[in-house]
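Fold and geometry: a report
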Amino acid sequence: MYAVVLLVCCSWVALLCPSVQAYENLALKKPAWQSSTEMSYNGAELAVDGLYTDLSWDGGQCAWSVGGQTTAEWGVDLGGVKYIHHVFIQYATDNWVWDEYNGYTGYFLGFSVYISNTTNKEDGVLCFRDTIYTRATIPNPVNITCPYHGRYVIYYNNRTHPPYPEGYSYDVYIELCEVEVYGCPTPGRYGENCSLLCPENCHCDVIDKTCVECVPGYKGHLCYEECGGHTYGLECKQSCGNCSGGVQCDHETGSCPKGCDAGLYGDKCDLECGGHTYGLGCKQSCGNCSGGVQCDHVTGTCPNGCVAGMSGDKCDLECDGHTYGLGCKQSCGNCSGGVQCDHVTGICPNGCVAGMSRDKCDLECGGHTYGLGCKQSCGNCSGGVQCDHVTGICPNGCVAGMSGDKCDLECGGHTYGLECKQSCGNCSGGVQCDHETGSCPKGCDAGLYGDKCDLECGGHTYGLGCNQSCGNCSGGVQCDHVTGICPNGCVAGMSGDKCDLECGGHTYGLECKQSCGNCSGGVQCDHVTGSCPKGCDAGLYGDKCDLECGGHTYGLGCKQSCGNCSGGVQCDLVTGICPNGCVAGMSGEKCDLECAGRTYGVECKQSCGNCSGGVQCDHVTGNCPNGCDAGMYGDRCDLECGGHTYGLGCNQSCGKCSGGVQCDHVTGICPNGCDAGLYGDKCDLECGGHTYGLGCKQSCGNCSGGVQCDHVTGICPNGCVAGMSGDKCDLECAGHTYGVECKQSCGNCSGGVQCDHVTGNCPNGCDAGMYGDRCDLACGSYKYGVECKEVCGNCSNGIPCHHVDGSCPSGCDAGAYGVTCKESCGNCSNRDTCNDVDGSCPYGCDVGVYGKTCDKACQSGRYSISCAKACGQNCQGCNRFNGVCEFGCQPGWTGTFCEKRKVFAMTMKTSRFLLNWWIFNRSSTELFS
């Protein structure tokens, strides 16, 4: 019995796994996570530390999760999307033999491996899920071929949907001692050394270059075809909107190159206009549609009509023509200024025309009012009728005592009664008589009497109430009844309007019209004869002291002399003062002093300039006898230098000062700096040394011939040196151009960098397929790729390959395959030629090989044609051609195919092993019972 048990526990079926090629471990020491952690020394990172010599749970080399869970997940972040070939997993064994009796096999069964671009496994692809292994057949370690691209590799196991097959554990653990992910570290590469480039726009198979998936915007077997038919993006599965003119949207982004059709917006033209807009670019505005609904995004029409106050298909026209409200069917009145009433409410915004009232101006004025806002009052119309509501005019005239069109004016101008046709006198204080009776309420003006004040005073009386008496009028006539004035003057020696005053003020005779002089002591002359009783005042002479001094004399007895008065007039006869000032050049009250202190002319009020040497200018003309000080000019040296001149005689020139300001007239210095292009205190020096502009602070480029750029604008007059462009030659050539005027084109530099702007040389070499200093030559002589170092494959009929990617345009020669025809066909059945695209054998593989291209040796445990047969179950490794167990048999078996059972004696070590196996199986039975 023990022999049978030993034979069972020592035998297992090997996993059929592809051979491992020379790829890089992309997971080594990368960030990892797991759903839970058993102990601090069992972290997820231990599964990617490169160590797995101790496969026990507490050896410090294995990731371990908490037990009793129905799901367990572990993952590693490769740091970016990578091209993966296969995944290696070393599960824990507790350093025991890995067979059906090892307690860890049940926890390994049913595991899955995913490749994803997110940490969610459901977003990725399933590489492997165990559905066939048993505790006796599950291998450890295991290699899983997984030719996909992705960033995250996720190990997952679960016990969420019992029952499970025999041998499965009740719960799951993470018990991973090492996970190695092999593939190419650089995206876009494939092959054993990851040295071959995938086709352009293609995520290719890491083994055979087949396009597994195209980059967004491309489709087809080799991903050369751009998306069309209004599609874009990954696998051309996204639809773009309606681009303007029906053109195709951008095959990668879905954006429309020339904008959208009318009514749409957004990069992809997939959004309808909103917010009361429509049409091309949603730039047109529609009105207020009924119910607040959006107008038609293409035409702008409102589907259910307009809100109150709006009209037109697009509801963008306000009601007019004195209409308002829904459908513009209501009428409003006459608004002020002829303006339209409010299109919604009908209210007039600025009030009504004259004669109308209310919000809508639809009611005429009443109650003796008229005009704007019915705020003006009309008078008492005859018969009590209403005045005109607009003009206020009374249609049938006014009541007695009132006048004017509107009967709002009481009779005036000394009139009263009906139509104000009766006249009254001059009432006291100019008060109007009663407009109805004509009586004066406060009496009469001076000189009048009677009820209506229409009778004049008489009998040498005048004034208020005729109570004042007038004087001796000439010829004995009556004085004026109002003022008392004598109409024909007075008798001799009398004066005053009323002839009641003797002559005074140096007058005498009839009407006091004769003048006597200034009598000494200010005494009045005789009012009848005019003679002075005590002689004359200073400046006068004669019996009546009525003759003034003359001949430039003045004072008592006319014995003093005065100066040269202006206009040659006589000086004041008393004081000697010149009444109208002095002749030019003289000053003083008596005009006897010449002008001084840089003054000249009439009254010495004119100033002369800065005469040379500080001498006084001529007191009459103001001229400087010896010329002017620096900075001044003119006969009088009173004009500062101008017109960009300065200094003595204004003979020196200064430059152009900032803002057109004149330089200092003495020194020539510019107060606020210089105009653009000039420098120096006097702004008389042009910018140099490749500078220009304000303060010569701006730099211009390298002008052709080394000439100076324009000192104001910085523009180079004769163009630029090679490699420079722009008016100021300060821009290096760009956009793959170089040389004089940037008119020469360079080729495709590596990485899309700009070539040297002067020589056109590429600094870092060329893009794939190009060569030469300027990368403007395509590879030839059966070369391609970067620096034309790649050699073309075996293209059909010796035709050269494509200079960039090495693809063969007409296929491969016999025995070669792949895009570049560099791959050699495997061992096809009957030595057939493989397919020149993917290397597949049309009728299968020869003996001892398998795979799509028949170039892989049979996996351990397989042999014969296409490796279709399994080695004997007790064989440790058979010959892949004939199945002979050339590496020996499992313990207890013998024969060519290990088909014979061998009997042997049990050792102490074997007894200990069987005891452990019995204990484990007893505990497992109790666990699952």
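Under an unreviewed UniProt entry, the chain has the name Cell death abnormality protein 1-like isoform X3 and belongs to Crassostrea virginica.

Moving on: the overall build of the chain. Counting its secondary structure elements, the chain contains 3 helices and 73 strands. Here the chain has a C-alpha radius of gyration of 63 Å; the compact-globule value for 929 residues is 30 Å, and the former is much larger. In terms of its C-alpha atoms, the chain occupies a principal-axis envelope of roughly 190 × 95 × 60 Å. Considering the chain as a whole, with its 929 residues, one finds that 40% of them fall into the buried category. Within the chain, residue pairs in contact and separated by at least 24 positions form 32% of the contacts whose partners lie at least 6 positions apart. On the chain, roughly 48,000 Å² of surface is accessible, and the fraction owed to carbon and sulfur atoms is 50%. The distance from the centre of the 54 positive side-chain charges to the centre of the 100 negative ones in the chain is 11 Å.

Glancing now at the state of the cysteines. Across all of its chains, the model carries 64 disulfides by this definition. Here Cys424 engages in a disulfide with Cys433; their sulfurs sit 1.9 Å apart. Every disulfide takes its handedness from the sign of the S-S torsion; for Cys424 and Cys433 that torsion is -75°, giving left-handed. Assigned by exposure class, Cys424 and Cys433 land together as buried. What pairs with Cys812 in a disulfide is Cys821, and their sulfur atoms sit 1.9 Å apart. On the sign convention where negative is left-handed, the bridge of Cys812 and Cys821, at about -80° about the S-S bond, is left-handed. For the pair Cys812 and Cys821, a shared accessibility class is recorded, and that class is buried.

This next bit is on the pairing of strand β5 (residues 112–116). Burial analysis of β5 places 5 of its 5 residues in the buried class, the great majority of the element. Along β5, one buried face is formed by Ser112, Tyr114 and Ser116 and the opposite face, lined by Val113 and Ile115, is buried too. Where β5 and strand β6 (residues 125–129) come together, 4 bridges link them in antiparallel fashion. Within β6, the residue paired with Ser112 across the bridge is Arg129. Alignment of β5 against strand β8 (residues 149–158), held across 5 bridges, turns out to be antiparallel. Each bridged residue has a counterpart across the sheet, and for Tyr114 the counterpart in β8 is Ile154.

Moving on, we get to the environment of Gly601. Relative to the assigned elements, Gly601 resides in the loop between β48 (599–600) and β49 (606–607). For the pair Gly601 and Leu573, spaced 28 residues apart in sequence, the C-alpha to C-alpha distance is 25 Å. Excluding residues that lie within four positions of it along the chain, Gly601 makes contacts with Ala584, Gly585, Cys595, Gln606, His619 and Val620.

Looking now at the pattern of salt bridges. Within the structure shown, the criterion is met by 11 salt bridges. Residue Arg151 pairs with Asp77 through a salt bridge whose shortest N-O separation is 2.8 Å. With Arg151 in strand β8 and Asp77 in strand β4 (residues 71–91), this pair connects stretches of sequence that are 74 residues apart. Here Arg151 falls in the partly exposed class, since its relative accessible area comes to 29%. Note that Glu511 is salt-bridged to Lys513, the shortest N-O span being 2.5 Å. By relative accessible area, which is 36% here, Glu511 ends up partly exposed. For Lys513, a relative accessible area of 62% puts it in the exposed group.

Moving on, we get to the environment of Leu448. Structurally, Leu448 is set in strand β34 (residues 448–449). Each C-alpha atom, one on Leu448 and one on Gly124, is 126 Å from the other, the two residues being 324 residues apart in sequence. Excluding anything up to four places from it in sequence, Leu448 contacts Asn426, Cys453, Leu455, Glu456, Cys457 and His481.

What follows covers the packing of aromatic side chains. Geometry of an aromatic ring pair is reported as the spacing of the ring centres plus the angle between the planes. Tallied over the entire structure, the rule returns 13 aromatic pairs. Aromatic side chains Trp98 and Phe108 sit 6.3 Å apart centroid to centroid with 75° between the ring planes, which places their arrangement in the edge-to-face category. With a gap of 10 residues between them, Trp98 in the loop between β4 and α2 (105–108) and Phe108 in helix α2 connect regions that are remote in the sequence. When its relative accessible area of 0% is taken as the criterion, Phe108 is described as buried. Ring centres of Tyr164 and Tyr168 lie 5.7 Å apart, and the angle between their planes is 15°; on these two criteria the pair is classed as stacked. By relative accessible area, Tyr164 is classed as partly exposed at 28%. On the accessibility criterion, Tyr168 (8% relative accessible area) is buried. Taken together, the aromatic side chains of Tyr91, Trp98, Phe108, Phe111, Phe128 and Tyr155 make up a single cluster linked through ring pairs. Above the face of the Tyr156 ring, Lys121 is positioned so that its terminal group lies 4.3 Å from the ring centre. The cationic tip of Arg159 hangs over the ring face of Tyr164; the distance from NZ or CZ to the ring centre is 5.5 Å.

On the surface, Met39, Tyr41 and Trp57 cluster together into a nonpolar patch covering about 270 Å² of accessible area. One can find Trp57 in the loop between β2 (32–34) and β3 (63–64).

Overall, the prediction assigns the chain a mean pLDDT of 85, with 95% of residues at 70 or greater. This model gives residues 1–21 a pLDDT under 50, and the stretch forms 54 contacts once residues within four places in sequence are excluded. Across residues 903–929 the pLDDT falls below 50, and counting only partners more than four positions away or on other chains, this stretch makes 22 contacts in the model.

Counting 42 residues, the largest nonpolar core has Trp74, Ile89, Phe108, Phe111, Val153, Tyr155 and Leu176 as the members making the most contacts within it. Elements that contribute at least two residues to this core include exactly β3, β4, α2, β5, β7 (142–145), β8 and β9 (175–184). For this core, the element with the most residues is β4, which contributes 8 residues. Not counting residues within four places of it along the chain, the set of residues in contact with Leu176 comprises Ala47, Cys62, Ala63, Trp74, Ile89, Gln90, Tyr91 and Tyr155. Of all hydrophobic cores here, the second largest spans 15 residues; its members include Tyr83, Tyr182, Cys202 and Tyr218.

Now for the environment of His527. Along the chain, His527 falls in the loop between β41 (514–515) and β42 (540–541). Judged by relative accessible area, His527 falls into the partly exposed class, the value being 24%. Each residue touching His527, except ones within four places of it in the same chain, is listed here: Gly493, Glu502, Cys503, Thr507, Tyr508 and Gly509.

Thresholds, definitions, all that
Along every chain, residues carry numbers that run from 1 in the direction the sequence is written. With pLDDT at 70 or above as the cut-off, local features in this predicted model cover only qualifying residues; side-chain atom pairs require 80 or more to be listed or tallied, and sums for whole chains, interfaces and linings still use all residues. With hydrogens and water stripped out, all remaining heavy atoms of the structure feed into the side-chain values. In this description a helix means any DSSP run of H or I spanning at least four residues, a strand means any run of E spanning at least two, and both kinds are numbered starting from the N terminus. In this description the radius of gyration comes from C-alpha coordinates, and the expected globular size is given by 2.2 Å times residues to the power 0.38. Only protein chains enter the area calculation, which uses a 1.4 Å probe; residues under 20% of their type maximum are buried, those over 50% are exposed, and those in between are partly exposed. Here, residues are in contact when the closest pair of their heavy atoms is within 4.5 Å. Accessible surface area values rest on a Shrake-Rupley calculation with a 1.4 Å probe, where residue burial reflects the displayed protein chains alone. Counting rule for charge: Lys and Arg are taken as positive, Asp and Glu as negative, and neither His nor the chain ends is counted. Note on charges: their place is set at NZ of Lys, CZ of Arg, CG of Asp or CD of Glu. Note on terminology: pairs of cysteine sulfur atoms within 2.5 Å are recorded as disulfides. Whether two strands pair comes down to DSSP finding at least two bridges between them. Each salt bridge in this description consists of a side-chain nitrogen of Lys or Arg and a carboxyl oxygen of Asp or Glu lying within 4 Å of one another. Only Phe, Tyr and Trp rings take part, Trp by its six-membered ring, and two of them pair if their centres are within 6.5 Å. Stacked means planes under 30 degrees apart, edge-to-face means over 60, and tilted covers everything else. Two limits define a charge over a ring: the Lys NZ or Arg CZ must be within 6 Å of the ring centre, and within 35 degrees of the ring normal. Only residues whose relative accessible area exceeds 30% and that form no salt bridge are eligible for patches; like-charged ones are grouped when within 9 Å, while nonpolar side chains (Val, Leu, Ile, Met, Phe, Trp, Tyr) are grouped when within 5 Å. pLDDT expresses how confident the predictor is about each individual residue, on a scale running from 0 to 100. Definition used in this section: a nonpolar core is a set of buried Ala, Val, Leu, Ile, Met, Phe, Trp, Tyr and Cys residues joined via side-chain atoms within 4.5 Å.

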